[in-house]
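# Structural overview
Residue strings, one per chain:
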Amino acid sequence: LFQEEDIINETSTKVILQSVKADYEAPLLKGMLSTGIKLSEAFTSNTFDFYDVLLGEEILNNDQTNDFDYTESIYAGYIEYKRSFKKLESSFGLRAEQTSTNGELTTPFLSKNKSIKRSYLNLFPNVSFSYPISEKSTLGLAFGRRIDRPSYRDLNPFQYRISSISFHSGNPLLLPEYTNSIEITHTYNNFLNSYIEYSHTTDNFTEVLIAIDSNTVNQTPVNLDFQKAIGLGTSAYIPISKKFSSFFSFNGVYLQNKSNLDSINVIDIDAFWGNIYIQNTITVSKKTKIEISGWVSSPGIWQGNMRYQWQGTLDLGLQTKIMSDKGLLKLSVTDILGTNGWGINARTGDLYMTGGGNWESQQIRLNFTYTFGNNKLKGKKAKTGLDQENKRSGEGSSR
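Residues numbered from 1 in each chain as written. Predicted model: local features only at pLDDT ≥ 70, side-chain atom pairs only at ≥ 80, totals over all residues. Heavy atoms only, no water.

## Some thoughts on the overall build of the protein chain
What the protein chain contains, in helices and strands, is two helices and 24 strands. Within the span of the protein chain, comprising 399 residues, buried residues form 34% of the whole. Within the protein chain, residue pairs in contact and separated by at least 24 positions form 60% of the contacts whose partners lie at least 6 positions apart. (Helix = DSSP H or I, 4+ residues; strand = E, 2+ residues; numbered from the N terminus. Buried < 20%, exposed > 50% of the residue type's maximum accessible area, 1.4 Å probe, protein only. Contact = heavy atoms within 4.5 Å.)

## Structural notes on unusual backbone geometry
For Asn189, which is not glycine, the phi torsion reads 55° and is therefore positive. Inspection of the secondary structure puts Asn189 in the loop between strand 10 (177-188) and strand 11 (192-202). In this model, Met323 sits at a positive phi of 55°, which is unusual for a non-glycine residue. Residue Met323 is classed as partly exposed on the basis of its relative accessible area of 49%.

## Some thoughts on the environment of Ile147
Relative to the elements of secondary structure, Ile147 occurs in strand 7 (residues 137-148). By relative accessible area, which is 10% here, Ile147 ends up buried. In this structure, the C-alpha to C-alpha distance between Ile147 and Asn122, residues 25 residues apart in sequence, is 8.8 Å.

## A look at the nonpolar core
Membership of the largest hydrophobic core comes to 19 residues, with the highest contact counts inside it found for Val208, Trp273 and Ile301. When neighbours within four sequence positions are excluded, Ile301 is seen to be in contact with Leu255, Asn257, Ile269, Asp270, Ala271, Trp273, Met306, Arg307 and Tyr308. Counting residues in each nonpolar core, the second largest holds twelve residues, with Leu17, Tyr152, Phe158 and Phe205 among its members. (Core = buried A, V, L, I, M, F, W, Y, C linked by side-chain atoms within 4.5 Å.)

## Considering the pattern of salt bridges
What the rule picks out here adds up to four salt bridges. Across the pair Lys287 and Asp325 runs a salt bridge, and its minimum N-O distance is 3.7 Å. Of this pair, Lys287 sits in the loop between strand 16 (266-283) and strand 17 (288-297) while Asp325 sits in the loop between strand 20 (311-322) and strand 21 (327-334), placing them 38 residues apart in sequence. For Asp325, a relative accessible area of 39% corresponds to the partly exposed category. Via salt bridges that share partners, Arg95, Glu97 and Arg149 belong to a single interconnected network. (Salt bridge = Lys/Arg side-chain N within 4 Å of Asp/Glu carboxyl O.)

## Some points on the sheet that holds strand 18 (residues 300-302)
The sheet built from four strands is open, its strands ordered 18-19-22-23 with antiparallel pairing. Pairing within the sheet leaves two strands with one partner each, and these edge strands are strand 18 and strand 23 (351-357). Neighbour-to-neighbour, the strand axes of this sheet turn through a mean angle of 30°, independent of strand direction. Bridging between strand 18 and strand 19 (residues 306-308) involves three bridges; their strand directions are antiparallel. Of the residues in strand 19, the one forming a bridge with Trp302 is Met306. (Pairing = 2+ DSSP bridges. Axes fitted to C-alpha atoms, helices over the stretch in contact; angles between N-to-C directions.)

## Concerning the environment of Val296
The residue Val296 is located in strand 17 in this model. Under the relative-accessibility criterion, Val296 is labelled partly exposed at 36%. Sequence separation of Val296 and Asn275 is 21 residues, and the distance between their C-alpha atoms is 5.6 Å. Beyond its immediate stretch of four places on either side in the chain, Val296 contacts Gly274, Asn275, Ile276, Trp310, Gln311 and Gly312.

## Digging into the side chain of Asn257
Tracing the backbone shows Asn257 in strand 15 (residues 244-260). A polar atom in the side chain of Asn257 sits 3.0 Å from the side chain of Gln227. Once you skip the residues sitting within four places of it in the chain, Asn257 turns out to touch Asn204, Leu224, Phe226, Gln227, Ile267, Asp268, Ile269, Ile301, Gln303 and Gly304. (Polar contact = N/O pair within 3.5 Å; in protein donor to acceptor, adjacent residues only side chain to side chain.)

## Re the packing of aromatic side chains
In total, this model carries eight aromatic pairs according to the counting rule given. Ring centres of Tyr370 and Phe372 lie 4.8 Å apart, and the angle between their planes is 70°; on these two criteria the pair is classed as edge-to-face. When its relative accessible area of 32% is taken as the criterion, Tyr370 is described as partly exposed. Cluster of aromatic residues (ring-pair linked, three or more members): Phe68, Tyr70 and Tyr152. (Phe/Tyr/Trp six-rings, centres within 6.5 Å; stacked < 30°, edge-to-face > 60°.)

## Points about the environment of Ser137
With respect to the helices and strands, the residue Ser137 is situated in strand 7. Classification of Ser137 by relative accessible area gives buried; the value is 8%. For the pair formed by Ser137 and Leu192, sequence separation is 55 residues and the distance between their alpha carbons is 9.5 Å. Residue contacts for Ser137: discarding those within four places in its chain leaves Tyr131, Pro132, His186, Thr187 and Tyr188. Of the polar contacts made by the side chain of Ser137, one reaches the side chain of His186; its length is 3.4 Å.

This is how it looks when you write it as structure tokens:
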């Protein structure tokens, strides 16, 4: 049985960001003291109109049409002290944040608006040490607590259809997540870097597939009870010869997600996976270089309760300087073997889902760059107090 359904979604979003930031730094007791404050406010206004198309006519569906306004105020202050004790480099910091939020949902089918207000205060300590255990080796230790907030898009409760049996919606009840982490690092001779890290995240926000009933699935961001992760990795730059060098990195992760969303949707998933990246550079002449690079990733966990399959790519690049070295010509070919497609599967309730696809990963690019004036002068991009807020106003931060 074939059934066709036509729908139209019209969305508009307005984001207003304001921020004031001040920092102060001064020497203190043979060390350096830094302190500062940051005040930021964000306002987002979202309109979502849903239309059913019947016999070529667009009919507004009041059951799925709504407006959502969200206001967030953050008042933060920090203090950090850095000092050297002979060979030991140390840093101690503390940040405090007071946050107030208000979300207002307006829908034609509700008799009155739905408002969600929150206010909370948090403290975030961080400590780090660095010590040279020999002339060529340096050992580092760091502990910290941080907060990550969901994107404004994830907080938007708009619901839109993906197919006749699935839809996607935001979640205005999303909480920020808190991560405690400890990391040990080692550097050898400035070319070999290794690390091992453990982190525990409470209220981890991520997208999951939730079974609404035996025929309907909702893809939505939620807060998990917790996420545990153990990671280790190493990277090295290897100058094999004057004309041939290689960069290699390996990262391995054990991840566990747990949460009881409701009586049907229980998340208890874990996996170990790793990825390898290799980049080889061949110097043909003073003006010409060839790059051969690629990566491969073993099956692992994507988002909250989805598993992804093997994935990888192989790329080739050629660059040469022309026009008295003021021009740079680059030729690149990406995903030569066509292995950068994706595939996932997930089980939620009594439903088992699988999917996959490809994107425009196989490309041939030819770029030309010409430098005017003094090419030894480089501009510096200054950071502003709106960097984090701008990132959250993008396409989403679910993981």
